[in-house]
Amino acid sequence: MSYQPHLYIIAAMSENHVIGQDNRLPWHLPDEWKHFRKVTDRKAFLTGRKSFEAPDALHSSYRNVVLTRNKNLDKSADTELADDLHEGIALLKDENEVFVLGGASVFEQALPLVERLYLTIVHTTVDGDAFFPNVNWDEWELISSDYHETDEHHAYAFSMNLYVRKDTLKK
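Overview of the structure. (Residues numbered from 1 in each chain as written. Predicted model: local features only at pLDDT ≥ 70, side-chain atom pairs only at ≥ 80, totals over all residues. Heavy atoms only, no water.)

### With respect to the pattern of salt bridges
Reasoning step 1: Per the counting criterion, the structure on display carries eight salt bridges.
Reasoning step 2: The salt bridge involving Glu 95 is made with Arg 63; its shortest N-O contact spans 2.8 Å. Highlighted residues: Glu 95 in the loop between α3 (85-91) and β6 (97-102) and Arg 63 in strand β4 (residues 63-67), separated in sequence by 32 residues.
Reasoning step 3: Taking relative accessible area as the criterion, Arg 63 reaches 17% and is therefore assigned buried.
Reasoning step 4: A salt bridge links Arg 165 to Glu 139; the nearest nitrogen and oxygen atoms lie 3.0 Å apart. In this pair, Arg 165 sits in strand β10 (residues 158-165) while Glu 139 sits in the loop between β8 (130-131) and β9 (140-148), placing the two residues 26 residues apart along the sequence.
Reasoning step 5: Taken together, the shared-partner salt bridges in this structure form one network comprising Arg 63, Glu 80 and Glu 95. (Salt bridge = Lys/Arg side-chain N within 4 Å of Asp/Glu carboxyl O. Helix = DSSP H or I, 4+ residues; strand = E, 2+ residues; numbered from the N terminus. Buried < 20%, exposed > 50% of the residue type's maximum accessible area, 1.4 Å probe, protein only.)

Written as structure tokens, this is what we have:
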């Protein structure tokens, strides 16, 4: 039986919505990466080509779908290619949960379709060239938030937040 997978966005952004600079994350937050790995373990990823090719990109050891028109993209056996978001979702139709990893334009396209936002807010403002889209927060409910102070391994404080789309809470 085929159905629509549960779509989630997972991302980290600064207080000024920066998610990247020169196709890299503008911070190094080991505990946030541990959170990312825990939440996405054995789940399918849907990502844009630039994010997939980023030097600090994480790929699913299970299944990756990359949105690209470059059919010659260097990829592994657990990676499939799709021309656009809807084709990517169609390829993943039999998955229960799919995590959208970005970049900026993929987040913007996926935002109206996702049920959850696993959104880490890095408590700083930084320069960047990639930004998380504006969110209508009236549509979302904060379910949990885990604040992490700065320490010897984390130059910035951050909050790992889970938001659920309000209309999915009624189901």
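So, next bit.
### Thoughts on the pairing of strand β3 (residues 44-48)
Reasoning step 1: The buried fraction of β3 is high, at five of five residues.
Reasoning step 2: Alternating residues of β3 divide into Ala 44, Leu 46 and Gly 48 and Phe 45 and Thr 47, and every residue in both groups is buried.
Reasoning step 3: Relative to β4, β3 is paired through five bridges, and the arrangement is parallel. Residue Leu 46 lies in a different strand from β4, and its bridge partner there is Val 65.
Reasoning step 4: Taken together, the four bridges between β3 and β6 define a ladder with parallel strand orientation. Its bridge partner lying in β6, Thr 47 is registered against Gly 102. (Pairing = 2+ DSSP bridges.)

### Here we look at the environment of Leu 92
Reasoning step 1: Positionally, Leu 92 belongs in the loop between α3 and β6.
Reasoning step 2: With a relative accessible area of 0%, Leu 92 lands in the buried category.
Reasoning step 3: Residues Leu 92 and Tyr 118, 26 residues apart in the sequence, show an inter-C-alpha distance of 20 Å.
Reasoning step 4: Setting aside its immediate chain neighbours within four residues, Leu 92 contacts Pro 5, Ala 44, Phe 45, Leu 46, Arg 63, Val 65 and Val 98. (Contact = heavy atoms within 4.5 Å.)

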